[in-house]
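Analysis of the macromolecular model
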Amino acid sequence: MTTPTAAASPRVAGPIRLGRNARIAVASVVFLAVFYAFIGPQQFANALTLGAIYALIALGYTMVYGIIELINFAHGDVFMTGSFVSMTLLTRIILPVTGLTAPIRDIVPLLLVLLLVFALTMPIMGLIGVTIERFAYRPLRNAPRVAPLITAIGVSFILQNLALIIFGPASVNTPQLIAPELSVNIADATVPYINIFIFVLAIFLMVALNQFVGRTRLGRAMRSTAQDREAAQLMGVDLNLTIAITFFIGSALAGAAGVVWGLYLGSVKWDLGFNGGLKAFTAAVLGGIGNTTGATLGGFVIGFIEVGAASKGFSRWSEAIVFAALIIVLVFRPAGILGQQLGERA
Amino acid sequence: MTATARGRSPNPIRRGWSRISELAAAHHSVSIIVGMAIVGALLPILARVPPFNQFQPFNAWLDGFSNAGTFVLLAVGLNIVVGLAGLLDLGYAAFFAFGAYAYAFGASPFSGNDFPFLPMLLVGAVVAATFGVLLGAPTLRLRGDYLAIVTLGFGEIVPIVFLNAEPYTNGTNGIGGVYKPALPWSPPFDVVQFTLLNPWPFYVLVLLIVTFTLIFSYRLQDSRLGRAWMAIREDELAAAANGINTVTTKLLAFALGASTAGLAGVFNASKLTVVSPDQFYFQVSFTVLTMIVLGGQGNIWGVALGAFVISTLQQTFLKTLNQFFQAINFPALHLGPVTVDLQHVNFTEYQFLLFGIALVLMMLLRPEGLFPSGRRRRELHTADEGPEPSPTGLDASGELA
């Protein structure tokens, strides 16, 4: 996991890094401007929201890949499970106990309920992620790389079909806590509060993650494990704990994305995780897998591609376009936009 | 790992058996033909005796065997890519789709063409192989897990394209009325005619195609190319250092694996007489992957058997399972907010839950599959011989009460 705050390689000195960041910033601004002109302010706001959700999921992929080089196939389904867990918490526990009904119009109870949903869903999903790692991936840590990939597919099936059995094949409605019609006008676009909330929340979580990985002791353990597992162990890093924490954080973020999805779209479905996961994975690869900033960037790019395609009447093709983008990126720049070129590992 | 000593048994029956297996090993193609003839003769007999005749009528069994044959073809083909060459392909259903659509374009009222079946079989294989090369050429340089994702993306794109290219594929409804194979002469008996109600000709046809594919696959495995695939699977760098052109070799694995899927696609299209995009979603790719993982990657008979067993379970056992729960009047379980009522569960819908559990358990307990190839088993167990990175707390502290 290489974050820009901590890419402490000696040959990349200060000025060059600044140049690189500046290049990224300029490229992002140009990209945003082009898209703004292309799809208009309204779709631009939608794309930012969708991109924030994909970015949250992509962070989990990129963290896990960075640390154990596993494409955690089940991650998309952890996201889906998170959406169902938050839906169940809301409809079965939080709303009945507090006696509130779905669009909460008073600001204080609304914030409290939102806080409660996130505070409950994220640790639950984190624990589910740690459990998956413990039983499905840890025993295969030294096996050939295909083995944990296949168990990951298995876990993905298990999660999907548990959701299918428990909640049925149809979409399940989730309470929309923030009334969708409450909106504010920003630059010709009517932006619902929910979009702003999601965007701010996603940015907050990403910054928090970046600080955690870059500044804390555990974050340092994660980065060193990603660089060289054995050397990290020799320096006293508890490998199992570090990997478990990585899974916890990644899955908690996916859980947050699941909550947000339910709040934003108003319904959740058992097969949500497959496409959502694949798109988020595309985002992670696009940004440079193993790189948390890249995952964020990639998430927004995917959001823009999808919304852009949909707004120009290609909504039936949007998935094909996203996956084609994935293939093209992998073929021409396998390291992604921000990734460093890694040597072929035999 | 404990090595079991296998000495020659003095027992004459054992000796006779070992002579037969030596003969079979020396004449692979003949033994495959003999083996498939025996299997082909036994299956219709089995379907007529209890307990199997209690499940469903004879024609349904035979029809199910033909469908299972499609999956055997797919599994044997995917085994070339995953089992022999070690390239994880998660979008294999795409090639199945190319074969099926090739036949639908070649022989249906929708396209107005009516080409005979056998040449179309070849065309389907060639079309699928071509797309295998087209996908493989740019992507095979990628690392293993990236390749898996690219193939997954490809497998997602292909049905979307067939779905959206409505003028050519008739969209969601697909191409209907695809012609069944026709015999070049007018047959004296009805039983050899390809009709909707007569399962025999398709059964025999799929037996022939499977036999051919098995021979083809075995010949490939024992060839220079097959050894190159296994070398790449075990260590790509070492294989390249020994003069194997890894790109060409992997491309051939993709193309030949895809061509088998093309055969399966043509056969399936002619059998179902309808080709629509929903037949080729990722579930198909994953089902076939489950089949070869359970059967034993790299072992041709193993994957064929795995495919046959799983596909038969899917078609017959799961369908009758909730009748079973209804028969024993299994109570509905109320688990807090959730109600589980097994009597009214459509188990075929949840087969993927079972697949998922099976995949995880297989990888943890027996990664080489139920019927492994010896070489693949040794490879998958090399990790056991290495030093354990860190003992778990349970081991260190001994027994916990």
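Parameters at a glance
Residues numbered from 1 in each chain as written. Chains lettered and ligands numbered in written order. Predicted model: local features only at pLDDT ≥ 70, side-chain atom pairs only at ≥ 80, totals over all residues. Helix = DSSP H or I, 4+ residues; strand = E, 2+ residues; numbered from the N terminus. Rg over C-alpha atoms; globule rule 2.2 N^0.38 Å. Buried ≥ 20, exposed ≤ 12 C-beta atoms within 10 Å, placed from the backbone. Contact = placed C-beta atoms within 7 Å. Nonpolar A, V, L, I, M, F, W, Y, C, P; charged D, E, K, R; others polar. Core = buried A, V, L, I, M, F, W, Y, C linked by C-beta atoms within 7 Å. Axes fitted to C-alpha atoms, helices over the stretch in contact; angles between N-to-C directions. Parallel < 35°, antiparallel > 145°, perpendicular 65-115°, else oblique. Left-handed = near helix turned anticlockwise from the far one by under 90°. Pairing = 2+ DSSP bridges. pLDDT = per-residue confidence, 0-100. Expected span 1.5 Å × (residues − 1).

A count of helical and extended segments in chain A gives 11 helices and four strands. Taken over C-alpha atoms, the radius of gyration comes to 20 Å for chain A, in line with the 20 Å a tight globule of 346 residues would show. Along the longest, intermediate and shortest principal axes, the C-alpha atoms of chain A span 55 × 45 × 35 Å. Per-residue burial for chain A yields a buried fraction of 49% across its 346 residues. Relative to all contacts within chain A whose residues are 6 or more apart in sequence, the contacts with residues 24 or more apart total 78%.

What follows is about the interface of chain B and chain A. How big an interface is tends to be expressed through the accessible area that disappears when the partners come together. Tallying the contact residues gives 44 residues for chain B and 44 residues for chain A. Of all the secondary-structure elements, those providing two or more residues to the side of chain B that touches chain A are helix H6 (117–139), helix H7 (144–164), helix H11 (236–241), helix H13 (282–295), helix H15 (351–365) and helix H16 (374–380) of chain B. Class assignment of the residues belonging to the side of chain B that touches chain A gives a composition of 30 nonpolar, seven polar and seven charged.

With that settled, consider the environment of Val 284 of chain B. Residues and elements named next belong to chain B. Tracing the backbone through its elements, the reader meets Val 284 in helix H13. On the basis of neighbour counts, which here come to 22 C-beta atoms within 10 Å, the residue Val 284 falls in the buried class. Taking the C-alpha atoms as reference points, Val 284 and Phe 96, separated by 188 residues in sequence, lie 9.2 Å from one another. Leave out the neighbours within four places in its chain, and Val 284 touches Ala 93 and Phe 96.

Taken as a class, soluble globular proteins show a tendency for nonpolar side chains to be buried jointly. Of all hydrophobic cores here, the largest spans 217 residues; its most connected members are Ala 55 and Leu 56 of chain A together with Ala 75 and Phe 96 of chain B. With 21 residues, the top contributor of residues to this core is helix H1 (residues 14–68) of chain A. If we skip the residues at most four places from it in the chain, Ala 55 of chain A touches Ala 202, Met 206, Ala 283, Ala 295, Thr 296, Gly 299 and Phe 300 of chain A.

The next thing to look at is the packing of helix H2 (residues 75–98) of chain A against helix H8 (residues 239–265) of chain A. The geometry of a pair of packed helices is captured by two quantities: the angle between their axes and the separation between those axes. All names here are of chain A. For the pair H2 and H8, interaxial distance at closest approach is 7 Å and the crossing angle is 55°. As far as their axial angle goes, H8 and H2 are oblique. Two packed elements cross with a definite hand, and for H2 against H8 that hand is right-handed. In this structure, H2 uses His 75, Val 78, Phe 79, Met 80, Thr 81, Gly 82, Ser 83, Ser 86 and Met 87 to contact H8, whose residues at the interface are Gly 250, Ser 251, Ala 254, Gly 255, Ala 257, Gly 258, Val 259, Trp 261 and Gly 262. Of the residues contributing to the contact of H2 with H8, the split by class is eight nonpolar, 10 polar and no charged.

Residues and elements named next belong to chain A. As defined by bridge partners, strand E2 (residues 183–186) adjoins strand E3 (residues 189–192) across four bridges and the pair is classed as antiparallel. Across the sheet, residue Ile 186 finds its bridge partner in E3, namely Ala 189. Linkage of E2 to E3, two consecutive antiparallel strands, is achieved through a turn of two residues, within which Ala 187 is found at a positive phi near 45°.

This part takes up the confidence of the model for chain A. All names here are of chain A. Here chain A averages 84 in pLDDT, while 92% of its residues score no lower than 70. Note on residues 1–16: pLDDT under 50 across the span, and 26 contacts to partners over four residues away in sequence or across chains. In the model, residues 341–346 has pLDDT below 50 throughout and makes seven contacts with residues more than four positions away in sequence or in other chains.

So, about helix H3 (residues 107–137) of chain A. Note that an α-helix has 3.6 residues per turn; residues three or four places apart therefore point the same way. Its 31 residues give H3 of chain A an end-to-end C-alpha distance of 43 Å, which sits within 8% of 45 Å, the value for a rise of 1.5 Å per residue. Every buried residue of H3 of chain A is accounted for by Val 117, Thr 121, Met 122, Met 125, Gly 126, Ile 128, Gly 129, Ile 132, Glu 133, Ala 136 and Tyr 137 of chain A. Looking at the packing, one finds that the buried side of H3 of chain A touches H2, helix H4 (146–167) and H8 of chain A together with H15 of chain B.

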